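Given next are the chains, with one letter for each unit.
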Amino acid sequence: AMCLGIPGRILDVAGGEPRMARVEFGGIVKEVCLAFTPEAQVGEYVIVHVGFAISRLNEEEAGKVFAYLKEMSDLSELEAPS
């Protein structure tokens, strides 16, 4: 199975090593480790995989990923047995 990183927006960042952030994914907020993205800032989007922010992306890129994920979930609903 392919593991998919999910884009989320950084709400706030706590100090310490490694830096931790609260990241919002469409209404759900999770604690995320910024060890791999130390340059990430509040308000930016990051790709999160198993609790780690693995890369930054801009808002336009994040929007494209959200649209793609929505399309994927719409397609899976079409395949669901009625």
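Preceding this section is the structure that the text describes.
A quick note: this is a predicted structure, and the numbers were derived from the prediction, not measured.

A. Main features of the overall build of the protein. Scanning the protein from terminus to terminus reveals one helix and five strands. Here the protein displays about 5,600 Å² of accessible surface, and carbon together with sulfur accounts for 59% of that area.

B. Fine view of the environment of Arg 9. With respect to the helices and strands, Arg 9 occurs in strand 1 (residues 6-14). By relative accessible area, which is 31% here, Arg 9 ends up partly exposed. Along the sequence, Arg 9 and Ala 62 sit 53 residues apart, while their C-alpha atoms lie 9.1 Å from each other.

C. Structural view of unusual backbone geometry. Along the chain, Glu 17 connects to Pro 18 via a cis peptide bond; the corresponding omega equals -10°. Topologically, Pro 18 is positioned in the loop between strand 1 and strand 2 (20-25). Not every positive phi belongs to a glycine, and Val 50 is a case in point at roughly 40°. Topologically, Val 50 is positioned in the loop between strand 4 (45-49) and strand 5 (52-57). With relative accessibility at 67%, the residue Val 50 sits in the exposed group.

D. The nonpolar core, seen in detail. Ile 10, Ala 21, Val 23, Phe 25, Val 32, Leu 34, Ala 40, Val 46, Val 48 and Ala 53 together form the largest nonpolar core, which totals 10 residues. Mapped onto this core, the elements with two or more residues apiece are strand 2 and strand 4. With near-sequence residues (within four places) excluded, Ala 53 lies in contact with Val 32, Cys 33, Leu 34, Phe 36, Thr 37, Val 46, Ile 47 and Val 48.

Rules and cut-offs
Residues numbered from 1 in each chain as written. Predicted model: local features only at pLDDT ≥ 70, side-chain atom pairs only at ≥ 80, totals over all residues. Heavy atoms only, no water. Helix = DSSP H or I, 4+ residues; strand = E, 2+ residues; numbered from the N terminus. Areas by Shrake-Rupley, 256 points an atom, 1.4 Å probe, with all protein chains shown as cover. Buried < 20%, exposed > 50% of the residue type's maximum accessible area, 1.4 Å probe, protein only. Core = buried A, V, L, I, M, F, W, Y, C linked by side-chain atoms within 4.5 Å. Contact = heavy atoms within 4.5 Å.

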